[in-house]
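Here are the chains, one letter per residue:
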Amino acid sequence: MLYYSIIPGEVIFNEEDEEVVGTKETDLIEVEVNGITMLVKQTEVDAGEIVKVISSNPKDYLNLNYQPGNVVQFTPEFSM
Amino acid sequence: MVRDNDYRQRINPTRISKPARPKKKSRSKKKRKKKGNALQTLKQLGQTNLPESAESDIHCINIVGQIEGHRSLPPKNKTTKYEHLIPQLVAIEQNDNIKGVIMILNTVGGDIEAGLAISEMLSSLSKPTVSLVLGGGHSIGVPIAAATDKSFIAETATMTIHPIRLTGMVIGVPQTYDYLDKMQDRVINFVSSHSNINEDNFRKLMFQTGELVRDVGTVLIGQEAVKEGVIDEVGGLSEAMSELRRMIDNNEGNPSSSIESVVDDN
């Protein structure tokens, strides 16, 4: 794999530093709410805090309900 | 939560009587939800209302940090993921309500395959595209900026053009150099065919010595990038947007000749 970046490879792939729990991007869940993709940090079983909205539509970033820090509710579902 | 405290200090006390606390359950559901959002927005952004805007026919794609492709980078890296951008570009191509795209670039480079893929997607998009380099558009950011119909760079923004480096296992054989040279050619060919700089000049910039402290290459700042032909114009958001608007109007005015005019620009 090739990287073309001004940041040296050893800096990009340096993983030894201590990590604060909950700040890792892998701890975030990617969900789609009303057609808008967002990264959510799960705070409760059925709720999460919006961390980042991912969209190409500038209007989505102005939606008051989806500002980072707002809480979105989801329904845990059983499938049997 | 240092950030929260900071915001609370700045809030005018007459506008909010008490600091944020758990919502009361007695209120009706609808009302409670509305107030919760306003309060949350106030806490996070320091304001309660954001301007309402009409449906936008221009979409904006923002590339920050590293461009992430085949491998997830360690969490300290801020990344823009390839798998987020590609579906957005496909959706933009398919949606008739979207008339144009503006790319905002502030990237340090990243995965070469992902970067070239985004560049190819952009250059083959049938709708008008404009790129704006803010801060920095380094390494693989250069072909992405060049891929759009018209590129802009902020006066203070920089672009670093340098050779590709190999990470990981490097075998000291002539083939290694040939392989790197081939990979480099992909970038050089793309940039020279999508901007005003020719292959030889771009190669010269790439292998320039004495410009960078620990590396071979060139740093182009604002106007210099335009002078070398990598970027079309120096400008900011308003210049980029009005150019995009002009291209959209042109497109709608005479749809039959629009494709030719885009090809001519390149």
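Here is what the cut-offs are and how they apply
- Residues numbered from 1 in each chain as written.
- Chains lettered and ligands numbered in written order.
- Predicted model: local features only at pLDDT ≥ 70, side-chain atom pairs only at ≥ 80, totals over all residues.
- Heavy atoms only, no water.
- Buried < 20%, exposed > 50% of the residue type's maximum accessible area, 1.4 Å probe, protein only.
- Helix = DSSP H or I, 4+ residues; strand = E, 2+ residues; numbered from the N terminus.
- Arc of directions from axis to C-beta.
- Contact = heavy atoms within 4.5 Å.
- Patch = residues over 30% accessible without salt bridge, like charges linked within 9 Å, V, L, I, M, F, W, Y side chains within 5 Å.
- Areas by Shrake-Rupley, 256 points an atom, 1.4 Å probe, with all protein chains shown as cover.
- Salt bridge = Lys/Arg side-chain N within 4 Å of Asp/Glu carboxyl O.
- Pairing = 2+ DSSP bridges.
- Axes fitted to C-alpha atoms, helices over the stretch in contact; angles between N-to-C directions.
- Core = buried A, V, L, I, M, F, W, Y, C linked by side-chain atoms within 4.5 Å.

What's the story with helix 7 (residues 199-206) of chain B in this structure? I'm lost.
An α-helical turn contains 3.6 residues, so any two residues separated by three or four positions project in the same direction. If you check which residues of helix 7 of chain B are buried, you get B:Phe202, B:Leu205 and B:Met206. For helix 7 of chain B, the buried positions fall inside an angular range of 100° around the axis, keeping them on one side. Seen from the open side of helix 7 of chain B, the exposed residues pointing more than 90 degrees away from its buried face are B:Asp200 and B:Lys204. Elements that come into contact with the buried residues of helix 7 of chain B comprise strand 1 (3-5) of chain A together with helix 5 (141-147), strand 6 (158-161), helix 6 (174-194), strand 7 (218-221) and helix 8 (223-228) of chain B.

Any chance you could explain a nonpolar patch on the surface here in plain terms?
Residue and element names in this part refer to chain B. Taken together, the side chains of Met169, Ile171 and Val173 make up a nonpolar region of the molecular surface, amounting to roughly 320 Å² of accessible area. With respect to the helices and strands, the residue Val173 is situated in the loop between strand 6 and helix 6. The partly exposed category is assigned to Val173, whose relative accessible area is 34%.

What is the right way to read the sheet that holds strand 5 (residues 71-73) of chain A from this model?
Pairing between the strands of a sheet comes from backbone hydrogen bonds, and it takes one of two forms, parallel or antiparallel. Residue and element names in this part refer to chain A. Read across the open sheet, the four strands follow the order 2-3-4-5; overall the sheet is antiparallel. Unpaired on one side and paired on the other, strand 2 (29-33) and strand 5 mark the two borders of the sheet. The average angle at which neighbouring strand axes cross in this sheet is 50°, direction not considered. Summarising the sheet, strand 4 (residues 47-54) and strand 5 pair through three bridges and their orientation is antiparallel. What sits directly across from Gly48, in strand 5, is Val72.

I'm lost on the pattern of salt bridges in this one. Help?
Side-chain pairs of opposite charge can arise where the charged atoms are in close proximity. All names here are of chain B. Inspection of every chain in the model, using the stated rule, returns eight salt bridges over all chains. With a closest N to O distance of 2.9 Å, Asp185 and Arg203 form a salt bridge. Of this pair, Asp185 sits in helix 6 while Arg203 sits in helix 7, placing them 18 residues apart in sequence. Overlapping salt bridges bring together Asp185, Glu199 and Arg203 as one network.

I keep staring at unusual backbone geometry and nothing clicks. Help me out?
Note: most peptide bonds trans; most residues except glycine with negative phi. You will see that A:Asn34, though not glycine, has its phi angle at about 50°, which is positive. Following the sequence through the fold, A:Asn34 ends up in the loop between strand 2 and strand 3 (36-42). With a relative accessible area of 68%, A:Asn34 lands in the exposed category. You will see that B:Ser139, though not glycine, has its phi angle at about 45°, which is positive.

Please explain the nonpolar core as it appears in this structure.
All names here are of chain B. By size, the foremost hydrophobic cluster in this structure holds 46 residues, and its most contacted members are Ile63, Met159, Ile161, Phe202 and Ile231. It is helix 6 that contributes the most residues to this core, six residues altogether. In contact with Ile63, other than residues within four places in its own chain, are Thr80, Leu85, Met103, Ile104, Leu105, Asn106, Thr107, Ile118 and Ile144. In terms of nonpolar packing, the next biggest core, distinct from the first, is built from 10 residues, Val130, Leu132, Phe152 and Leu244 among them.

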